[in-house]
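Descriptive structure summary
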Amino acid sequence: VLLAAAGLALCGVAWGRGQAAGARLAGRLAPAIGRLAGHPHPAALVGLGALNGLVPCGLVYGMLAHAATTGSAAMGALTMGAFGLGTVPALALAGAFGARMRPERRLTVQRLAGVLMIAMGLLTAARGAQALATPPDAPPAAEICHTPSR
C-alpha cells in the first residue's frame, strides 16, 4: 500500500499531512547531505551514509532484512556492501540520462514510474490478501521456486 501511495505522489497526487512530513524531512536532510557530499575528508562519507540511511527505500530495507539473516556482522556488512556497489551503475546511468532529458520529458518519465509503482503496490497488496485468504492446508496456487525432484 505504501508503494502505491509513493506512486501516487510521483504522479502528482497529494494526500495531505504524510506528504508534507516527508517533504519536511527531505528539506532538513538535503543541506546536511549536500555539505557532506562536497567535503573532502573520508569521515564525511560515514556521515553521508548515515544520513542517506534515513531516506526511505524499499530495496534497501529488503536487503537489510536479508543481511540480518546472514548470521554475522561481517557477512551482513559484505551483503550490504555488495548491494551498494551493485546499485552504482544503475544510479549513475539514471542520473546521466535524467540530466540529459528535457524537463517535460523528465516529468513524463516520473509519472510513468509512478504508474508502475502504483501497479506493483496494488499487485503486492492483492497477493498478500490472497495469501491471507488461502487456508493453510490448501495446495499452492503456483509454484514459486522450482526444485527438481531427485
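The present account deals with the structure reproduced in this document. Model, not experiment: these values are computed from the prediction. (Residues numbered from 1 in each chain as written. Predicted model: local features only at pLDDT ≥ 70, side-chain atom pairs only at ≥ 80, totals over all residues. Heavy atoms only, no water.)

Some thoughts on the overall build of the chain
- Looking only at helices and strands, one finds six helices and zero strands in the chain.
- Within the span of the chain, comprising 150 residues, buried residues form 9% of the whole.
- Within the chain, residue pairs in contact and separated by at least 24 positions form 47% of the contacts whose partners lie at least 6 positions apart.
- Of the roughly 11600 Å² of accessible surface on the chain, a fraction of 71% belongs to carbon and sulfur atoms. (Helix = DSSP H or I, 4+ residues; strand = E, 2+ residues; numbered from the N terminus. Buried < 20%, exposed > 50% of the residue type's maximum accessible area, 1.4 Å probe, protein only. Contact = heavy atoms within 4.5 Å. Areas by Shrake-Rupley, 256 points an atom, 1.4 Å probe, with all protein chains shown as cover.)

Section: helix α5 (residues 73-100)
- The first and last C-alpha atoms of α5 sit 40 Å apart over 28 residues, in line with the 40 Å expected at 1.5 Å per residue.
- Buried residues of α5: Gly76, Thr79, Phe83 and Gly98, and no others. (Expected span 1.5 Å × (residues − 1).)

Some points on the pattern of salt bridges
- Tallied over the full model, the rule gives one salt bridge.
- Arginine 102 serves as the salt-bridge partner of glutamate 104, at 2.9 Å between the closest nitrogen and oxygen. (Salt bridge = Lys/Arg side-chain N within 4 Å of Asp/Glu carboxyl O.)

Regarding the side chain of threonine 79
- Mapped onto the elements, threonine 79 comes out in helix α5.
- Among all residues touching threonine 79, those that are not within four sequence positions of it are Met63, His66, Ala67 and Thr70.

Comments concerning a nonpolar patch on the surface
- On the surface, a cluster of nonpolar side chains totalling about 250 Å² of accessible area is made up of Leu3, Met120 and Leu123.
- With respect to the secondary-structure elements, methionine 120 resides in helix α6 (residues 103-133). (Patch = residues over 30% accessible without salt bridge, like charges linked within 9 Å, V, L, I, M, F, W, Y side chains within 5 Å.)

Remarks on the packing of helix α1 (residues 2-10) against α6
- Between α1 and α6, the least distance of the axes is 7 Å, while the angle of their chain directions is 160 degrees. Relative to α6, α1 is oriented roughly antiparallel. For the crossing formed where α1 meets α6, the hand is left-handed. On α6, the residues that touch Leu3, Ala4, Ala6, Gly7, Leu8 and Leu10 of α1 are Gln110, Arg111, Ala113, Gly114, Met117, Ile118, Met120, Gly121 and Leu122. (Axes fitted to C-alpha atoms, helices over the stretch in contact; angles between N-to-C directions. Parallel < 35°, antiparallel > 145°, perpendicular 65-115°, else oblique. Left-handed = near helix turned anticlockwise from the far one by under 90°.)

Describing the environment of alanine 113
- Examined against the element boundaries, alanine 113 turns out to sit in helix α6.
- Taking C-alpha positions, alanine 113 is 9.9 Å from leucine 8, a pair spaced 105 residues apart along the chain.

As for the environment of glycine 34
- Structurally, the position occupied by glycine 34 is in helix α2 (residues 17-37).
- As for glycine 34 and leucine 48, which are separated by 14 residues in sequence, their C-alpha atoms are 8.8 Å apart.

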